[in-house]
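Structural overview for review
Residues per chain are reported as follows:
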Amino acid sequence: MLSYRHGFHAGNHADVLKHFVLIQLLQYMNQKDAAYTYVDTHSGAGLYALDSGYASKNAEFETGIAPLWDKKDLPPALADYMDLVKALNPSGKMRYYPGSPYCADKVMREQDRLRLFELHPSEIKILSENFRKLDAHAAEQGRRPTVRGKRVIISDGDGFECLKALLPPPSRRGLVLIDPPYEVKDDYRRVKVALEDALKRFPSGTYAIWYPSLNRQESRQLPDKLKRLPSKDWLNVTLSISGPTPDGFGLHSSGMFILNPPWTLMATLKEVMPYLVAALGTDKEANFVLESGAPVTGAGTNLRPKRT
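What counts, and at which threshold
- Residues numbered from 1 in each chain as written.
- Predicted model: local features only at pLDDT ≥ 70, side-chain atom pairs only at ≥ 80, totals over all residues.
- Heavy atoms only, no water.
- Helix = DSSP H or I, 4+ residues; strand = E, 2+ residues; numbered from the N terminus.
- Buried < 20%, exposed > 50% of the residue type's maximum accessible area, 1.4 Å probe, protein only.
- Contact = heavy atoms within 4.5 Å.
- Areas by Shrake-Rupley, 256 points an atom, 1.4 Å probe, with all protein chains shown as cover.
- Salt bridge = Lys/Arg side-chain N within 4 Å of Asp/Glu carboxyl O.
- Core = buried A, V, L, I, M, F, W, Y, C linked by side-chain atoms within 4.5 Å.
- Phe/Tyr/Trp six-rings, centres within 6.5 Å; stacked < 30°, edge-to-face > 60°.

**A word on the overall build of the chain**
Along the chain, the regular secondary structure elements total 10 helices and 11 strands. Among the 308 residues that make up the chain, the fraction classed as buried is 53%. Of the contacts formed within the chain by residues at least 6 apart in sequence, a portion of 79% connects residues at least 24 apart. By element, 52% of the accessible surface of the chain is carried by carbon and sulfur atoms, the whole surface being about 14,500 Å².

**What to know about the pattern of salt bridges**
In the structure shown here, the tally under the stated rule is 16 salt bridges. In this structure, R190 engages D158 in a salt bridge whose closest nitrogen and oxygen atoms are separated by 2.7 Å. Note that R190 is positioned in helix α8 (residues 186-201) and D158 in the loop between β5 (152-156) and α7 (159-162), a separation of 32 residues in sequence. A salt bridge links E161 to R190; the shortest N-O distance between them is 3.7 Å. Of this pair, E161 sits in helix α7 while R190 sits in helix α8, and the two are 29 residues apart along the sequence. Sharing partners across several salt bridges, the network here consists of D158, E161, K164 and R190.

**A few points about the nonpolar core**
Membership of the largest hydrophobic core comes to 88 residues, with the highest contact counts inside it found for Y38, I65, L68, Y81, Y207 and I209. Contacts of L68, omitting those with residues within four sequence positions, involve V16, L74, L78, Y81, M82, Y275, L276, A279 and L280.

**Topic: unusual backbone geometry**
Backbone torsion omega between L167 and P168 reads -5°, so that peptide bond is classified as cis. If you trace the backbone, P168 turns up in the loop between α7 and β6 (174-178). A positive phi angle, near 60°, is found at R172, a position not held by glycine. Examined against the element boundaries, R172 turns out to sit in the loop between α7 and β6. Owing to a relative accessible area of 52%, R172 belongs among the exposed residues under this scheme. The phi torsion at Y182 lies on the positive side, around 60°, for a residue other than glycine. Assignment of secondary structure puts Y182 in the loop between β6 and α8. What makes Y182 buried here is its relative accessible area of 3%.

**A word on the packing of aromatic side chains**
A complete count under the given rule lists 3 aromatic pairs for this structure. Plain terms: the ring middles of Y182 and W210 are 6.0 Å apart, the flat faces sit at 55° to each other, and that makes the pair tilted. Of this pair, Y182 sits in the loop between β6 and α8 while W210 sits in strand β7 (residues 206-212), and the two are 28 residues apart along the sequence. Every member of this aromatic cluster is reached through a ring pair, and the members are Y182, Y188 and W210.

**A closer look at the side chain of S242**
Topologically, S242 is positioned in the loop between β8 (234-240) and β9 (253-259). The buried category is assigned to S242, whose relative accessible area is 12%. Excluding residues within four positions of it along the chain, S242 makes contact with H252, T282, D283, E285 and A286.

In short, shape yes, function no, at least from these values alone.
And the structure:
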């Protein structure tokens, strides 16, 4: 099924959570000199126009990036994310929003490697063209790579299946983002199966999984299934900007589940998540959930702020 286009949802509250957390994970990886590999199993187009095309139809960015645009009191970690987005918009007008491949490219270092997968034929063409333009712009500015090998490789393929051949990465350091559209129920199963295989091949890797919080069995059960995977430990964070609608449609809540998370992430999320609830929440049911634990004991912490 290849009908999904992320452009309709670009810059919404789910993207804010996903990309803010992704940037924190990448910055942590950058703290060691050794190179690492970033794998994006469902890359999308990589860059989205907010004032035209798909994004302008539903204007979902009004639930996410828009309320944060003019904020002057952002927590430092959230400011890093906003700085990256605003650098893409030098005029100061909110016109473009970066997908996860662009975020990774801007945060990662020259010695690190990006492996990007996309199955949708139209999306991968746009993704490839966007990175071609980035390379051309860098060359115009006199910036040329100083390390051998191709830093960014974009592949037309099923990210779930292609992940197998990349693990473990040569440097034994890696971050994997799994972010399928979940339009079909089988995506939930495939996430779990892919992670079971990945942890066998590369148990020390960090794995970040975005998922929608929907009123369907597969969505509700996924976090609990991920908690039982044989990682060292896990962290789960969800952001709800409102309570569910009476008809049950629409995305009001989503989560990021991280296997083998950096030890610094919990403290960062404790600071940032209340701010996001206050800034993006639209009713008294807006809230976040932050929990962590280990798969063997099942013990963990569960932090629920007062609903605002």
